[in-house]
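One letter stands for each residue in the lines below.
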Amino acid sequence: MDCCGEEGAWKGDAKFEFKRVADGVHVAVAQPAYKVNCNTAIIEDDDGVMVVDTHSKPTAARVIVEHLRGMTTKPVRYVVNTHFHWDHWHGNEVYPAAYPGAEIVTNQITREAMVMKGFKRIGDHRRQMPADIATLEAGVAAARGDQRAKLERELALARAYLAEVNALKPALPTIAFEQTMKLYRRGREIHLLHLGRAHTAGDVFVYLPKEKVVITGDALIGWTPFMGDGYPEDWAGTLDRLAQLDFTHVIMGHGDVADRDWLKVFRGYVSDMVAAVREEAATGATLDEVKQRVTAKLAPVYEKPFSAYGDYRPWRAGLAANVERTFAMVS
Ligand SMILES: [Zn+2]
């Protein structure tokens, strides 16, 4: 185990690759972790910084703050949350603590979802983690060699995560908008947009028209989307409205920086999956049959492009969950 200090295991888990996307626009691309972290976009202005999304835990957000302190003396003025999922806002509390006066911004739907569902899920994590830890403890006791070392590391991370989630002081957005909010800074325009339902009911997109950069949250990611709180039938339409914007670079919720070609592939997957599920459901097939047939139908086109992070987030498992959600909605 490579940790001993209080924060050792936590810090070791939250790793980011920092990349420049445009002048003053950077992304921290999250590396695989025990508890998944989202990417953070960093937008620098003449008098301050905006960050988009704050990961699954405060220690991860602190890695970004440390990086920012090395990058600029300007304060973070705005923190944007793209949606209510835990891995995008549980680090919120770090920013107002580090930068007094920092405002946390999202739209009304997402703020309400944080209150209605987000808080409950924090409780779920607090309740579930002890069982996960017990399973890992049993695994460590039974394992040998490399496998044991791997499980020991996971166990340390799980214990650290439980301590963190127990200590969480969730910081809700302090500013909520309806459809659109635009910031006009001296050197930059920043548009916060709600384009319709996709990954959640309240997905927020951040658009920089001059720099031709868009930040999508999880409405567009580098692996198979999670649709558990999503709207598969609305998703492609929302992405079509996204496609109408003029941009060249996409900072996604997860995965590396992408371009318009990836948007096309991803949109194709969502709409082909929904169409295939509808078609199979209409024949009266069972869920298991629909899963099998839709997988067979889509694999030749989509398995490869959606397997760039295949070990971390396997396409077939993601697809099965997507089919299940869609089947429940169309049948
Ligand atoms: Zn999400």
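Residues numbered from 1 in each chain as written. Predicted model: local features only at pLDDT ≥ 70, side-chain atom pairs only at ≥ 80, totals over all residues.

Caption draft 1: Here's a closer look at the sheet that holds strand β1 (residues 16-22). One open sheet holds the 7 strands; their spatial order is β1-β2-β3-β4-β5-β6-β7, and the pairing between them is mixed. A strand with exactly one partner marks an edge of an open sheet, and here the two such strands are β1 and β7 (175-177). The average undirected angle you get between the axes of adjacent strands in this sheet is 20 degrees. With 3 bridges connecting them, strand β6 (residues 103-107) and β7 associate as parallel partners. Looking at the pairing, T106 lines up with A176 of β7. The strands that helix α5 (residues 108-142) touches are β6 and β7; relative to β6, the one it contacts most, it runs at about 105 degrees. (Pairing = 2+ DSSP bridges. Helix = DSSP H or I, 4+ residues; strand = E, 2+ residues; numbered from the N terminus. Axes fitted to C-alpha atoms, helices over the stretch in contact; angles between N-to-C directions. Contact = placed C-beta atoms within 7 Å.)

Caption draft 2: Local environment of helix α2 (residues 58-71). Under the 1.5 Å per step criterion, the end-to-end length of α2 is 20 Å for 14 residues, consistent within 8% with the ideal 20 Å. Of all the positions in α2, only P58, T59, A60, A61, V63, I64 and L68 are classed as buried. (Expected span 1.5 Å × (residues − 1). Buried ≥ 20, exposed ≤ 12 C-beta atoms within 10 Å, placed from the backbone.)

Caption draft 3: Structural context of the environment of D272. Looking at where D272 falls in the secondary structure, it is placed in helix α8 (residues 260-282). When the C-alpha atoms of D272 and H90 are compared, they prove to be 33 Å apart, with 182 residues separating the residues in sequence.

Caption draft 4: Representation of the sheet that holds strand β12 (residues 249-251) within the structure. The strand order across the open sheet built from 5 strands is β8-β9-β10-β11-β12, with neighbouring strands paired in mixed fashion. On the outer flanks of this sheet lie β8 (180-184) and β12, each paired with one strand and no other. Neighbour to neighbour, the strand axes of the sheet diverge by 15 degrees on average, direction disregarded. With 5 bridges connecting them, β8 and strand β9 (residues 189-193) associate as antiparallel partners. Pairing of T180 across the sheet is with L193, part of β9.

Caption draft 5: Up close: the pairing of strand β3 (residues 40-44). By the criterion of burial, β3 is predominantly enclosed, with 4 of the 5 residues buried. Pairing geometry for strand β2 (residues 25-30) and β3, over 4 bridges, is antiparallel. Pairing of H26 across the sheet is with I42, part of β3. Here 4 bridges tie β3 to strand β4 (residues 49-52), and the two strands are oriented antiparallel to one another. Each residue of the ladder has a partner; that of E44, found in β4, is V49. Here β3 hands over to β4 after 4 residues, the two strands then running antiparallel side by side.

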